[in-house]
Every structure is written in C-alpha cells, then in structure tokens.
Amino acid sequence: MAGHCGSGALRDLLDWAGLDWGGDVLTTGGLVARVGGVKEPGLDFSYLRVPGLAPPIYLVGRGGDMEVDLLRRLGAQVELRRTDDAALGWRWVRDELTAGRPVMVWADIAELPYLRVRLQMSRHNVVVIGYDDERQIAYVVDNDREAVQEVPYAALARARRSTGFPAPTRHATFAVDWPERLPDLRSAAAEAFAAAAAGIRHGGPGIVDSSDLPPGSISALGLAGIREFADDLASWPQVWDTVTLEAALAALPVFVEKAGTGGGLFRRLQVAACHDVAWRTGSSASARAGLAYDRCAEAWSRLARAATADVPLPDRVAAAAEAAARLPALEEEAADLLALAAEELRVSS
C-alpha cells in the first residue's frame, strides 16, 4: 500500500531494481517521501475549476512530469511511449515483461474492476508484473491494494485507452533502462530541491492542457495557483448552487490528502525527504525546509478538516476560506527555504 499511485509504483520499481543509498531509504513505507522530494521535482501545485466536472474542482500537488523526471534524476534512461494503437501499446508491455522488467503504465481508475469507483482519473499509475494469455489476465500491482490484482485483458485495455479526465491515457507505457547505482546523494538532492522550489515559485508542467478546458474554466499553477485557489474558494457560494458547493467542499479532503495530492500528502512526502537528507548529509538547511513543509502540510490538512466540519454550510465555507488564505505565505516561505537547502547541498557536494 502507498499514499499515492505514482509514488507507490516508483517505490516498487526501485525496490525491484535494488537501488538505494544504503540503509532502508527506498524500501520503507515512506519511500517516495524520499523519492518524491529527494530525487525529482515532484512538488508543485495546480488548481482547476471546470464547468461540468463532478466534482467541479481539481487540486494537484505534484508536477505533471514527476515520473519521468524522477527516473532521469536517478540515472535511468526512460521513454514515455504513447499510442492510440491498442495492439502496439500491449506489445510494449509484453516486450518489457519478456525482458524481465516490470512495467509502469497509466490506467483510468474507473475501468479497473478491483477499485469499484465511478470517478474517472486517467493518469493512475499501476505496475504490470505478468500476464496469462490462456486466462486472458494481466497481473497488476496498485498502490491501493495489498495483493497482486488479476485484471482481464479487456478491462485493462479500456483503462489504457480512456479519454477521461484529466487526459487521454493513450496506452502510456514507461520503458525504463535502470542504472547500476544511484548518483551522489548531495548532488541529486540539490538538483531535486532546486527544481521543486522553482516549480512552486513559477509553476511547472501541469497534468492538463488548459487549452482543452471548456469556457469558464480556471487553471492556475504554482504559487499563483495557490493564491488563485485561496481567493476563488471564498467566491464559491456565489458561483454554485448548494448541491455543487457541498460536493466541492466534500472533495477537498480527498484532493488534499490522497486523490489529487493537492497539498497535505505531497507536502508530507517533502517533509520526509528533507529530514532524510538532513540526517544523511548533515544539512541544517534541509532540516529547516522540512519544518517549513510540515507547517504547510498541517495548514492544508486544517483546510480539509474545516471543509467537512459538522457546522452549517456558510460557516464551513468561511472557515475553509480562512484556512486557505494562510496557505500562500506558508508555501512561499517553504519554497524559499527549499531553495536555500539546495544551495547548501550543491556547495557541499
């Protein structure tokens, strides 16, 4: 089990590849706590408000290219292959498995029978570890299930050709050539921390092409996105009816803590990354950045709790808006400290 699909999938792949910096960095439950912050620019923020979407908002706390960036930072050669040809997409998976390598792919959660959900989320990472042509079954590892899942070929094909939100899956397949060893920890952490800080300050690649969104949508990234979200939340009662407003508030804890990694989850991953680097390298600046992201994570979680408190709807909106208003300053401070940690690590590497 893991808190996030991409982090969990990468944890499993790295453990399979036998890559770590010594000790249990890549094999504990917090893996891409470490991976998410230490080795790639996964930290970011996107806010979407889309007419017709159910729920009408979407929060993302990670960068759109997290998986590829992480693997390249680890020294792996990676190619994200995409096609509309189902036969070719499945051939890519079989080729990797035949070569003895488990393979990460995108799949829409609404089409995976073991998840039993209605929500569409097309960029869900799972790892395919085997197949059985006679039974027409693929063997899949998913962060949301402890056991290996048996998925019928037809269901997996539907999940891999989804055109649902936030983007078509297009049989996306990550073909990875693994390195024999990891790069120097200080250098890797410095590069990752600098990239994460830049992603928050300026907004990196999102997971949605804003040009594809319908009229009336809001799409904002990085610190500007956090400010846009905080300002917009206060206006929700004027934008939506009561049912839609309730749905948006109910969705906030899900996006903050799990399904969209909107704040709490990925900030806690960054906390673990910073403290792990501080412990392994003696970087005091990394420790300070970890404390700052701990404050960010708790502020996001406070927002999630306010949105679903057992109080009248107007009071919930007001409390959530008040909690959201504190986020931009905390996120800016944390990004500044993360950049300082990157510089300290760079100089000492």
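Not measured: the values here are computed from a predicted model. (Residues numbered from 1 in each chain as written. Predicted model: local features only at pLDDT ≥ 70, side-chain atom pairs only at ≥ 80, totals over all residues. Heavy atoms only, no water.)

Taken together, three strands build an open sheet; the order of strands is 2-1-9 and the sheet is antiparallel. Each end of this open sheet is capped by a strand with a single partner; those strands are strand 2 (57–62) and strand 9 (218–221). Averaged over all neighbouring strand pairs, the angle between strand axes comes to 10°, with direction disregarded. Across five bridges, strand 1 (residues 43–49) lies against strand 2 in antiparallel orientation. Bridge pairing links L43 to R62 in strand 2. (Pairing = 2+ DSSP bridges. Helix = DSSP H or I, 4+ residues; strand = E, 2+ residues; numbered from the N terminus. Axes fitted to C-alpha atoms, helices over the stretch in contact; angles between N-to-C directions.)

In this structure, F229, W236, L252 and L303 are the most contacted members of the largest nonpolar core, which totals 107 residues. Per-element tally for this core: the top contributor is helix 11 (residues 284–307), with ten residues. (Core = buried A, V, L, I, M, F, W, Y, C linked by side-chain atoms within 4.5 Å. Buried < 20%, exposed > 50% of the residue type's maximum accessible area, 1.4 Å probe, protein only.)

The subject of this paragraph is the confidence of the model for the chain. Per-residue confidence for the chain gives a mean pLDDT of 87, with 91% of residues at or over 70. Counting interchain partners and residues more than four positions distant, the pLDDT-below-50 stretch residues 24–41 has 67 contacts. (pLDDT = per-residue confidence, 0-100. Contact = heavy atoms within 4.5 Å.)

Structurally, S301 can be placed in helix 11. If we skip the residues at most four places from it in the chain, S301 touches V256, E257, G264 and R268.

What follows covers helix 10 (residues 264–281). The end-to-end C-alpha distance of helix 10 is 26 Å, a good match for the 26 Å that 18 residues give at a rise of 1.5 Å each. With 13 of 18 residues buried, helix 10 lies mostly within the body of the structure. Just beyond helix 10, the residue with positive phi is G282, at close to 80°. (Expected span 1.5 Å × (residues − 1).)

If you walk through the whole model with that rule in mind, you get eleven aromatic pairs. Between the aromatic rings of Y47 and F229, the centroid separation amounts to 5.2 Å while the plane-to-plane angle is 65°, which identifies the pairing as edge-to-face. Pair noted here: Y47 is in strand 1 and F229 is in helix 7 (residues 222–233), with a separation of 182 residues, a long-range link. On the accessibility criterion, Y47 (0% relative accessible area) is buried. Three or more aromatic residues link up through ring pairs in this structure, and these residues are F45, Y47, F229, W236, W240 and W300. (Phe/Tyr/Trp six-rings, centres within 6.5 Å; stacked < 30°, edge-to-face > 60°.)

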